[in-house]
Amino acid sequence: FFFFNDTATTEIYTRSIVGSVRCVQETGINAEYMGIFIMWILCAFLIAGIFAGKGVDVSTLFTEAKCKCLKEKGDNYFIPRCFQSGGRADPNCGKNLANAKSAGLHADLYIFPCVPCGNPAKQVDDTIKAVGSHTVGIYWVDVETLKWHSDHAENRKFIEEMVKALQAKGKKAGIYSSYYMWQSIVGLDYHGMSHLPLWYSHYDKKPACTDFKPFGGWKKPQIKQYQGTTTLCEGGVDLNSDCQIFLSSHLNNCLLYTSD
């Protein structure tokens, strides 16, 4: 049941399920009804997990108050920009990470690389310095259309060097992109990053990840960015959902099964 973003929540829900099952066993309910009862429990927690898997990414400073507002509205992860496409670390990176932690939000970050600047390893070093002592989950490398080389091979090399630099520093790397961005920048036949988590964008304003169209060797995404710049808690954000919880088709199957 590890479909929640934080270990504490996962542990609470897992213990609750185990406790419910023991309760049913002690009441002597027969096996058939026990199975249905357990399925309903799983469905309930599945629904809770789906609505828990919300988050935002930001490119501006979010105060602690704004981060707490996000938490109150049901968001549980926060992805600030920590490197700018102009070629420098984002000066708001450390502050955003600190404010997210104070608000109880899980934090990843994204690097918007400066391809014309070259030297992806230095861009990684600058990002890590900006992060400082803050805890970060995934360092997402932003692969979207902006000043990339016209040669796919050159772009692939740049991405590979940035990912290797992150991994050499002990950081967990991921890729942010979309079907069409990936096609334009590195080509759909390039599967060199498919071993990494994928955060994909598709602005259909629907949190469900059932729209995902495989590309680059990825069959399952981790996060979906489903709505571009919007205002939430008096700040500009993009809206995201966690695809790793469960796809909505699994929820439908669950509900259909238990209604028999």
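Computed from a predicted structure; not experimentally measured.

Parameters at a glance
The residue numbers shown here count from 1 along each chain, following its written sequence. Totals for whole chains, interfaces and linings use every residue, but because this is a predicted model, local features are given only for residues with pLDDT of at least 70 and side-chain atom pairs only at 80 or more, for both listing and counting. Hydrogen atoms and water are omitted, and side-chain values are computed over all heavy atoms in the structure. For this analysis, a nonpolar core means a set of buried residues of the types Ala, Val, Leu, Ile, Met, Phe, Trp, Tyr and Cys, connected via side-chain atoms within 4.5 Å. Throughout, exposure labels follow a simple rule: accessible area from a 1.4 Å probe, protein chains only, divided by the maximum for the residue type, with under 20% read as buried, over 50% as exposed, and the rest as partly exposed. The criterion used for residue contact is that any of the two residues' heavy atoms lie within 4.5 Å. Secondary structure elements are taken from DSSP: a helix is a run of H or I of four residues or more, a strand is a run of E of two residues or more, and numbering for both begins at the N terminus. Taking the helix axis as origin, the arc is that swept by the directions to the C-beta atoms. Axes, fitted as lines to C-alpha atoms, cover a helix only where it is in contact. Angles between the N-to-C directions of the axes lie from 0 to 180 degrees. In this scheme, roughly parallel covers angles under 35 degrees and roughly antiparallel covers those over 145, while 65 to 115 is roughly perpendicular and the rest are oblique. By convention the crossing between two helices is left-handed if the near helix lies anticlockwise of the far one by an angle smaller than a right angle, and right-handed if it lies clockwise. Three residue categories are used. Nonpolar comprises Ala, Val, Leu, Ile, Met, Phe, Trp, Tyr, Cys and Pro, charged comprises Asp, Glu, Lys and Arg, and polar comprises the others, including Gly.

## Describing the nonpolar core
If you look at the biggest cluster of nonpolar residues, it comprises 54 residues, and the most contacted ones within it are Phe78, Ile175, Trp182 and Met193. With residues near it in sequence (within four places) discarded, Trp182 still touches Val143, Ile175, Ser177, Gly187, Leu188, Tyr190, Met193, Phe215, Gly216 and Trp218. Of all hydrophobic cores here, the second largest spans 9 residues; its members include Ile79, Tyr110, Phe112 and Trp140.

## Describing helix H3 (residues 64–72)
When we look at burial in H3, the residues that qualify are Cys67, Cys69 and Leu70. What you see down the axis of H3 is that its buried residues fit within an arc of 155°, all on one side. Relative to its buried face, H3 has exposed residues pointing more than 90 degrees away, namely Ala65 and Glu72. Buried residues belonging to H3 abut strand S1 (54–58), strand S2 (77–83), helix H4 (93–103) and strand S8 (223–232). Positive backbone phi, approximately 105°, marks Gly74, located one or two places after H3.

## Side note on the packing of helix H5 (residues 120–131) against helix H6 (residues 152–168)
If you want to describe how two helices pack, look at the angle between their axes and the distance between the axes. Between H5 and H6, the shortest axis-to-axis distance is 8 Å and the interhelical angle comes to 40°. One finds that H5 runs oblique with respect to H6. Handedness of the crossing formed by H5 with H6: right-handed. On the side of H5, the interface is formed by Pro120, Ala121, Gln123 and Val124, while H6 contributes Phe158, Glu161, Met162, Ala165 and Leu166. In terms of residue class, the contact of H5 with H6 is built from 7 nonpolar, 1 polar and 1 charged.

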